[in-house]
Amino acid sequence: MGQRTQIFVTAETAATEYRPATRHRVGRHHQWRYGPHMVICAAQVIEHLDALTAGAYYRPSGLEAEGVAAVYGVNRATAEVSGLTLDGDESATDATDCDNNNGTFLVNLTETGYTVGFLIGEENGGDLETVTGVDGLIAAFHAPEWADRAAWVDLTTEEDERWADTLAEAVATLRAAEEAGHLMDQETATRVASATARGWKTTTVWDNYTSTRPSYTSATGATVTVLPA
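Residues numbered from 1 in each chain as written. Predicted model: local features only at pLDDT ≥ 70, side-chain atom pairs only at ≥ 80, totals over all residues. Heavy atoms only, no water.

K.L.:
Hey, could you run me through the overall build of the protein chain in this one?
P.N.:
A count of helices and strands for the protein chain gives five helices and six strands. Moving toward the C terminus, one meets the helices and strands of the protein chain in the order β-β-α-α-β-β-β-α-α-α-β. The buried share among the 229 residues of the protein chain stands at 46%. Of the contacts made within the protein chain by residues no fewer than 6 positions apart, 70% connect residues no fewer than 24 positions apart. Carbon and sulfur atoms make up 52% of the accessible area of the protein chain, which totals about 12100 Å². (Helix = DSSP H or I, 4+ residues; strand = E, 2+ residues; numbered from the N terminus. Buried < 20%, exposed > 50% of the residue type's maximum accessible area, 1.4 Å probe, protein only. Contact = heavy atoms within 4.5 Å. Areas by Shrake-Rupley, 256 points an atom, 1.4 Å probe, with all protein chains shown as cover.)

Take a look at the structure:
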């Protein structure tokens, strides 16, 4: 159970005379990161990406892709943390094969900048394939109040007021990014959401290890030897 969503990030480098087109792909599962929390954390990513891509030494890389996933993993408004450990890794999984009901956030890094987009989950009438912007996500959740503070009908506490302000600011951040040309197109979204992509060499975090992906099985019955200091 839970509001199950994912983030997928790709860092793409175009082909050269000496190497093929390559991309590093990061995927993380988020058990409770749905709807408004997706919007808030996506806005955090926009702020991070604007600073990152403005740097004189910016290059799309696996490290930068991992950094984006980490920024998304900590909700600064609620202090909720998820998707930061490898037991929730989905880097080698297609978006449509994930345990998902509320959607996906996509990020693509290139040498010229970045694009972002959302996929809508089946619980909200989507297919986890068609990319949309933040207004598409708002429509899927039937939640106009995320963008319009005046649309809230139950702001009874200061905490409620802060939550409404936080959401409205996050939506404004995402809309501004989309208007600036950072909304992902469908071709890119299909590629980011896919574990493999024709014409691209794909790497993941698991290519940095000499052993195979660990199995998170119970250690019951294992013998532990304690070595003296």
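Let's pick the thread back up.
K.L.:
For this particular structure, what's the right way to read helix α2 (residues 62–73)?
P.N.:
An α-helix turns once per 3.6 residues; consequently, residues spaced three or four apart project the same way. For α2, spanning twelve residues, the distance from its first C-alpha to its last is 17 Å, which sits close to the expected 16 Å at 1.5 Å a residue. Within α2, the full set of buried residues consists of A65, V68, A69, Y72 and G73. Angular distribution of buried residues about the axis of α2 spans 140 degrees; they occupy a single face of the element. Considering only its buried residues, α2 is in contact with β1 (5–13), β2 (22–30), α1 (35–54) and β3 (104–110). (Expected span 1.5 Å × (residues − 1). Arc of directions from axis to C-beta.)

K.L.:
Looking at this model, I keep getting lost on the packing of aromatic side chains. Mind explaining?
P.N.:
Aromatic rings considered in pairs are described by the distance between their centres and by the relative angle of their planes. Per the stated rule, a full pass over the model turns up four aromatic pairs. Look at Y34 and F141: their rings are 6.4 Å apart centre to centre, the planes differ by 40 degrees, and that puts the pair in the tilted class. Of this pair, Y34 sits in the loop between β2 and α1 while F141 sits in the loop between α3 (134–140) and α4 (158–182), and the two are 107 residues apart along the sequence. Overall, Y34 belongs to the partly exposed group, its relative accessible area being 26%. Using a relative accessible area of 18% as the deciding quantity, one classes F141 as buried. With 5.4 Å between their ring centres and 40 degrees between their planes, F141 and W146 make a pair best called tilted. What makes W146 buried here is its relative accessible area of 5%. Above the face of the Y72 ring, R33 is positioned so that its terminal group lies 5.2 Å from the ring centre. (Phe/Tyr/Trp six-rings, centres within 6.5 Å; stacked < 30°, edge-to-face > 60°. Lys NZ or Arg CZ within 6 Å of the ring centre and 35° of its normal.)

K.L.:
Just checking my understanding: could you explain α1 for this structure?
P.N.:
With 20 residues, α1 extends 29 Å between its outermost C-alpha atoms, agreeing within 8% with the 28 Å of an ideal straight helix rising 1.5 Å per residue. Taking burial as the measure, the 20 residues of α1 include 14 buried ones, the bulk of the element.

K.L.:
Where do I start with the environment of T93 in this structure?
P.N.:
Residue position: T93 is located in the loop between α2 and β3. Setting aside chain neighbours within four positions, we find T93 in contact with F8, R25, C98, A193 and A195.

K.L.:
Can you help me understand the pattern of salt bridges in this one?
P.N.:
Where charged atoms from two side chains of opposite charge come close, those side chains can pair. On inspection of all chains with the given rule, the structure shows ten salt bridges. Put simply, R76 and E47 hold a salt bridge, and the shortest N to O gap is 2.8 Å. Remark: E47 occurs in helix α1 and R76 occurs in the loop between α2 and β3; sequence separation between them is 29 residues. On the accessibility criterion, R76 (56% relative accessible area) is exposed. With its nearest N and O atoms 2.5 Å apart, the salt bridge here joins R149 to D165. Linking R149 in the loop between α3 and α4 with D165 in helix α4, this pair joins segments that are 16 residues apart in sequence. On the basis of relative accessible area, R149 is assigned to the partly exposed category, the value being 34%. (Salt bridge = Lys/Arg side-chain N within 4 Å of Asp/Glu carboxyl O.)

K.L.:
Is there a simple way to think about the side chain of T5 in this case?
P.N.:
Locating T5 in the fold gives a position in strand β1. Separated by 2.4 Å, the side chain of T5 and the backbone oxygen of R33 make a polar contact. Each residue touching T5, except ones within four places of it in the same chain, is listed here: R28, H29, H30, R33, Y34, M38, N100, N102 and G103. (Polar contact = N/O pair within 3.5 Å; in protein donor to acceptor, adjacent residues only side chain to side chain.)

K.L.:
For this particular structure, what's the right way to read the packing of α1 against α2?
P.N.:
Two measures define how a pair of helices packs: the angle their axes make with one another and the distance between the axes. Interhelical geometry of α1 versus α2 gives an angle of 145 degrees and a closest axis separation of 8 Å. The chirality of how α1 crosses α2 is right-handed. Facing α1, whose interface residues are M38, C41, A42, Q44, V45, H48, L49 and L52, α2 presents E64, V68, V71 and Y72. A class-by-class count of the residues in the contact of α1 with α2 yields nine nonpolar, two polar and one charged. (Axes fitted to C-alpha atoms, helices over the stretch in contact; angles between N-to-C directions. Left-handed = near helix turned anticlockwise from the far one by under 90°. Nonpolar A, V, L, I, M, F, W, Y, C, P; charged D, E, K, R; others polar.)

It is worth stressing that arrangement in space is one thing and function is another; only the former is reported here.
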